Amino acid sequence: MKNPLGALMQQAQKMQENFQKAQEELANSEVHGEAGGGLVKINMNGKKEVLRVSIDDSLLANDRDMLEDLVAAAVNDAVRRVNKLKQEKLSGLTGGLDLPGDFKLPF
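I will try to describe carefully the structure that is included in this document.

This next bit is on the overall build of the protein chain. Per the secondary structure count, the protein chain includes three helices and three strands. Counting from the amino terminus, the protein chain carries its helices and strands in the arrangement α-β-β-β-α-α. When burial is assessed residue by residue, the protein chain has 23% of its 107 residues classed as buried. Accessible surface, the protein chain: about 7,800 Å² in total, of which carbon and sulfur atoms supply 51%.

Dropping the structure here:
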């Protein structure tokens, strides 16, 4: 058996490179959240930065509280979608390890 520690280190380095690539792809991804049946739409990138907000004209004449609630709900929907996308992209890279959601690689 040739240097098992060296092979393990190579595997760890490859996993780290794959993780970094997946994180970059995630950061450049864009998700769409919505609320009120699409009356409020939010576009967000993988870094959870809001890129665009779209509000249907019919809401502008209505109750301000309802509009604020719909914007908050659309943002929350977009955040959930980013988290789901992150989980999907990174789950295959952990090799079946059940790592905590806030676990950061590289170490």
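What follows is about the environment of Ala-74. Inspection of the secondary structure assignment puts Ala-74 in helix H3 (residues 64-91). Among the residues examined, Ala-74 registers a relative accessible area of 0% and is labelled buried. Note: C-alpha distance between Ala-74 and Glu-34 (40 residues apart in sequence) is 4.3 Å. With residues up to four places along the chain from it excluded, the contact list for Ala-74 reads Gly-33, Glu-34, Ala-35, Val-40 and Ile-42.

Parameters and conventions
- Residues numbered from 1 in each chain as written.
- Predicted model: local features only at pLDDT ≥ 70, side-chain atom pairs only at ≥ 80, totals over all residues.
- Heavy atoms only, no water.
- Helix = DSSP H or I, 4+ residues; strand = E, 2+ residues; numbered from the N terminus.
- Buried < 20%, exposed > 50% of the residue type's maximum accessible area, 1.4 Å probe, protein only.
- Areas by Shrake-Rupley, 256 points an atom, 1.4 Å probe, with all protein chains shown as cover.
- Contact = heavy atoms within 4.5 Å.

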